[in-house]
Amino acid sequence: MAFERKHILGLEELTAEEITLILDTTESMKEVSERDVKKVPALRGVTVCNLFFEPSTRTRSSFEIAEKRLSADVLNFTTSQSSVVKGESLLDTARNLEAMGASMIVIRHPMSGAPWLLAKKLDSSIINAGDGSHEHPSQGLLDLFTIRQLKGRIEGLRVVIVGDILHSRVARSNIWGFMKLGAEVRVVGPPTLVPKYIENIGVKSFYSLDKAVEGADVVIMLRIQKERQDSEYFPSLREYSRFYGLTREKLRCAAGDVTVMHPGPINRGVELSSDIADGPGSVILEQVSNGIAVRMAMFYLVASARSSG
Amino acid sequence: MPTKTVMDSDSVNRTISRIVNQILERNNGARDLAIIGIRTRGVYIAGRIAGEIERIEGIKPPLGTLDITLYRDDLRHKAEWPKVKKTEIPFPVEDKKVILVDDVIYTGRTIRAAIDEIMDYGRPSSIQLVALIDRGLRELPIQPDYVGSKLDTLSSEEVRVRLKEADGTDEVNLVTG
């Protein structure tokens, strides 16, 4: 199967076959990262712009390394040092970057849907690196990849997503990704942070962590996003941590080989106790290194779709 | 489509045996040899060469697999990009005499890409090239060291190598038209 998408905007719109092709390509890309010379010439002469309207170290660095390992030219653009502070619109900024020769734009933006706007208006390929509280497809894909590598499959697994489901783009991308590949997805969090009608898309929702993790194969912890807590969703971090923080005790009802994931950065002692974050079932650092290979696969496939027109 | 059989099963086997003997003669045995096959069919021939060397010399040379997709020079001109598969070279190439194996040598561009990729793994002491079929029509100054059979072909013709491991039978056909 050939990949036919010029953009990767979200996992909701990808088919199971497309997701599987990205994961298969990631396997090959991972090998490049294990070599002495971690670079291949596939995207030589292609200019990629990283357009970040929100602070990010991990995701931006991971995209940048992926671009460089494929030999693309990289242009980094962060809002604090740009004309955006002078009032330039998103579209004008992006058009200027395109005029400088960028043919792929990686965008992170606080507004949900911003990458779709660019995809509609520009010729460049757009890769969504996180839009508002909507989607974060590269994170979803790397979580899928990490689990597939560890467990050999996604289908039939019981996956629990814990925390601020309401604001989390990681949750949305993971829900779509895991559901499309046949996993059972449960979400759990305080009633204020679990969207009311979320069961309509096919997940099971819980308010009790103990009940949600029963028999779980994978537990994905979300970060409490202090920057998005503009009003009070729970009385205190301490209370949140008592009910929804993951400890050895609470993991006891999960499957014996349960895997714990976290997209980072971790608030230690809030979402995760340190013995779990650093424990045997944790793949948090594995997720980070797989992230590079997943992003390389995304670039390669999008570039291939571009060249076929 | 008119098809001419260029090699049958026996002659494929005899040719590979002959190439193995030439490799061992030229390198004074199997010391420091490493065999690397280019996906897809070069891999099978490489496996047979390694097996044959083990049978004769009693040492099995390390065996690797190369996928040159990410090193192609024609990606941007291709309508459909090939699926990337894994390169697997589970040994250091440093100071090895690398025997690079492909089924057919044609323009030489695949071999250029393969040499570049091997160099990214380290500095072998030499790279020697095996091609089961040399069909001419080179576009780069690259020549094989060991050739099974040389064919004069037109670019409109197609050389089809079939091997037991993938196709159930050993056979080389020239398809015209």
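Rules of the game
Residues numbered from 1 in each chain as written. Chains lettered and ligands numbered in written order. Predicted model: local features only at pLDDT ≥ 70, side-chain atom pairs only at ≥ 80, totals over all residues. Heavy atoms only, no water. Pairing = 2+ DSSP bridges. Helix = DSSP H or I, 4+ residues; strand = E, 2+ residues; numbered from the N terminus. Axes fitted to C-alpha atoms, helices over the stretch in contact; angles between N-to-C directions. Buried < 20%, exposed > 50% of the residue type's maximum accessible area, 1.4 Å probe, protein only. Phe/Tyr/Trp six-rings, centres within 6.5 Å; stacked < 30°, edge-to-face > 60°. Patch = residues over 30% accessible without salt bridge, like charges linked within 9 Å, V, L, I, M, F, W, Y side chains within 5 Å. Areas by Shrake-Rupley, 256 points an atom, 1.4 Å probe, with all protein chains shown as cover. Salt bridge = Lys/Arg side-chain N within 4 Å of Asp/Glu carboxyl O. Lys, Arg positive; Asp, Glu negative; His and termini not counted. Charge placed at Lys NZ, Arg CZ, Asp CG, Glu CD. Contact = heavy atoms within 4.5 Å. Buried area = accessible area lost by both parts, 1.4 Å probe. Polar contact = N/O pair within 3.5 Å; in protein donor to acceptor, adjacent residues only side chain to side chain. Nonpolar A, V, L, I, M, F, W, Y, C, P; charged D, E, K, R; others polar. Expected span 1.5 Å × (residues − 1). Arc of directions from axis to C-beta.

Enquirer: Before we go on, may I ask you to explain the sheet that holds strand β4 (residues 125–131) of chain A in this structure?
Expert: By way of backbone hydrogen bonds, the strands of a sheet pair with one another, either parallel or antiparallel. Residue and element names in this part refer to chain A. The parallel open sheet is built from 4 strands, whose spatial order is β2-β1-β3-β4. Of all the strands in the sheet, just β2 (73–78) and β4 have a single pairing partner and so form its edges. Averaged over all pairs of adjacent strands, the angle between their axes in this sheet comes to 15°, without regard to strand direction. Direction of pairing for strand β3 (residues 102–109) relative to β4: parallel, over a ladder of 5 bridges. By the bridge assignment, Met-104 is partnered in β4 with Ser-125.

Enquirer: Explanation requested: the pairing of strand β8 (residues 218–221) of chain A in the structure shown.
Expert: Walk down a regular strand and you will see the side chains alternate between the two sheet faces. All names here are of chain A. Here β8 shows two buried faces, one formed by Val-218 and Ile-220 and the other by Val-219 and Met-221. As paired strands, strand β5 (residues 158–162) and β8 are joined by 4 bridges and run parallel to one another. The residue bridging Val-159 from the neighbouring strand is Val-218, located in β8. Pairing between β8 and strand β9 (residues 259–261): 3 bridges, direction parallel. The partner of Ile-220 across the bridge, within β9, is Met-261.

Enquirer: Can you help me understand the packing of aromatic side chains in this one?
Expert: Both the distance between ring centres and the angle between the ring planes are used here to describe each pair of aromatic rings. Residue and element names in this part refer to chain A. With the rule as written, the count across this model stands at 4 aromatic pairs over all chains. Relative to Tyr-244, the ring of Tyr-240 has its centre 5.6 Å away and its plane inclined at 35°; by these criteria the two rings are tilted. Of this pair, Tyr-240 and Tyr-244 are both found in helix α8 (residues 237–244), 4 residues apart, which corresponds to roughly one turn of the helix. Overall, Tyr-244 belongs to the buried group, its relative accessible area being 8%. When the ring of Phe-243 is compared with that of Tyr-244, the centres are 6.4 Å apart and the planes differ by 45°; the resulting orientation is tilted. Ring pairs connect the aromatic residues Phe-234, Tyr-240, Phe-243 and Tyr-244, which therefore count as one cluster.

Enquirer: Would you explain a negative patch on the surface in this entry?
Expert: Taken together, the side chains of Asp-36 of chain A together with Asp-32, Glu-94 and Asp-95 of chain B present a region of like negative charge at the surface. As for its placement among the helices and strands, Asp-95 of chain B is situated in the loop between β3 (63–66) and β4 (97–105).

Enquirer: What is the right way to read the interface of chain B and chain A from this model?
Expert: Interfaces are often described in size by the accessible area the parts lose on coming together. Between chain B and chain A, the residue contacts involve 18 residues of the former and 24 residues of the latter. Roughly 1,700 Å² is buried in total at the junction of chain B and chain A, and carbon and sulfur atoms are behind 59% of that figure. Per-residue buried area on chain B facing chain A is highest for Leu-70, Trp-81 and Asp-120 of chain B; these three make up 37% of the total on that side. Across the contact surface, chain B and chain A share 2 salt bridges. Two residues, Asp-24 of chain A and Lys-83 of chain B, come together in a salt bridge whose shortest N-O distance is 3.4 Å. Summed over the shared surface of chain B and chain A, the number is 9 residue pairs in polar contact (both at pLDDT 80 or more). Within the side of chain B that touches chain A, the residues separate by chemical class into 8 nonpolar, 2 polar and 8 charged.

Enquirer: Got a minute to help me understand the pattern of salt bridges in this structure?
Expert: Side chains carrying opposite charge are able to pair once their charged atoms draw close together. Within this structure, the stated rule accounts for 30 salt bridges over all chains. Where Arg-148 of chain A meets Asp-24 of chain A, a salt bridge forms, and the shortest distance between an N and an O atom there is 3.0 Å. Taken as a pair, Arg-148 of chain A in helix α5 (residues 137–151) and Asp-24 of chain A in helix α1 (residues 16–33) lie far apart in primary sequence, 124 residues in all. Arg-148 of chain A sits in the buried class, given a relative accessible area of 18%. A salt bridge links Asp-257 of chain A to Lys-151 of chain A; the shortest N-O distance between them is 3.9 Å. Residue Asp-257 of chain A is found in the loop between α9 (248–251) and β9, and its partner Lys-151 of chain A is found in helix α5; the two are separated by 106 residues along the sequence. Assessed through its relative accessible area of 52%, Asp-257 of chain A is described here as exposed. Linked by salt bridges that have partners in common, Asp-24, Glu-27 and Arg-148 of chain A together with Lys-83 of chain B make up one network.

Enquirer: Help me understand helix α6 (residues 169–180) of chain A, please; the structure alone is not making it clear to me.
Expert: Two residues of an α-helix separated by three or four positions point the same way, owing to the 3.6 residues in each turn. Residue and element names in this part refer to chain A. For α6, built from 12 residues, the straight-helix expectation of 16 Å at 1.5 Å per residue is met to within 8% by its first-to-last C-alpha distance of 17 Å. The buried fraction of α6 amounts to 9 of the 12 residues, a majority that puts the element mostly inside the structure. Every buried residue belonging to α6 is among Arg-169, Val-170, Ala-171, Ser-173, Asn-174, Ile-175, Trp-176, Gly-177 and Phe-178, and all of these are buried. Two or three places before Val-170, at the start of α6, stands the capping residue Ser-168, its side-chain oxygen 3.2 Å from that residue's backbone nitrogen.

Enquirer: When you look at the sheet that holds strand β6 (residues 146–150) of chain B in this model, what are you seeing that I'm missing?
Expert: All names here are of chain B. The parallel open sheet is built from 5 strands, whose spatial order is β3-β2-β4-β5-β6. Edge strands, defined here as strands with exactly one partner in the open sheet, are β3 and β6. Taken pair by pair, the neighbouring strands of this sheet meet at an average axis angle of 25°, ignoring direction. As paired elements, strand β2 (residues 33–38) and β4 share 5 bridges and run parallel to each other. Bridge assignment links Leu-33 to a residue of β4, and that residue is Lys-97. Lying on the sheet, helix α3 (residues 109–121) is in contact with β2, β3, β4 and β5 (126–134); it crosses β4 at an angle near 155°.

Enquirer: Sorry if this is basic, but what is going on with helix α4 (residues 114–121) of chain A here?
Expert: Residues and elements named next belong to chain A. Within the span of α4, buried status applies to Ala-114, Pro-115, Leu-118 and Ala-119. Each buried residue of α4 sits inside an arc of 140° when the element is viewed along its axis, so together they form one side. Tucked into the core, α4 has its buried residues touching β1 (47–52), α3 (90–99), β3 and β4.

Read these as spatial facts, not as claims about activity.
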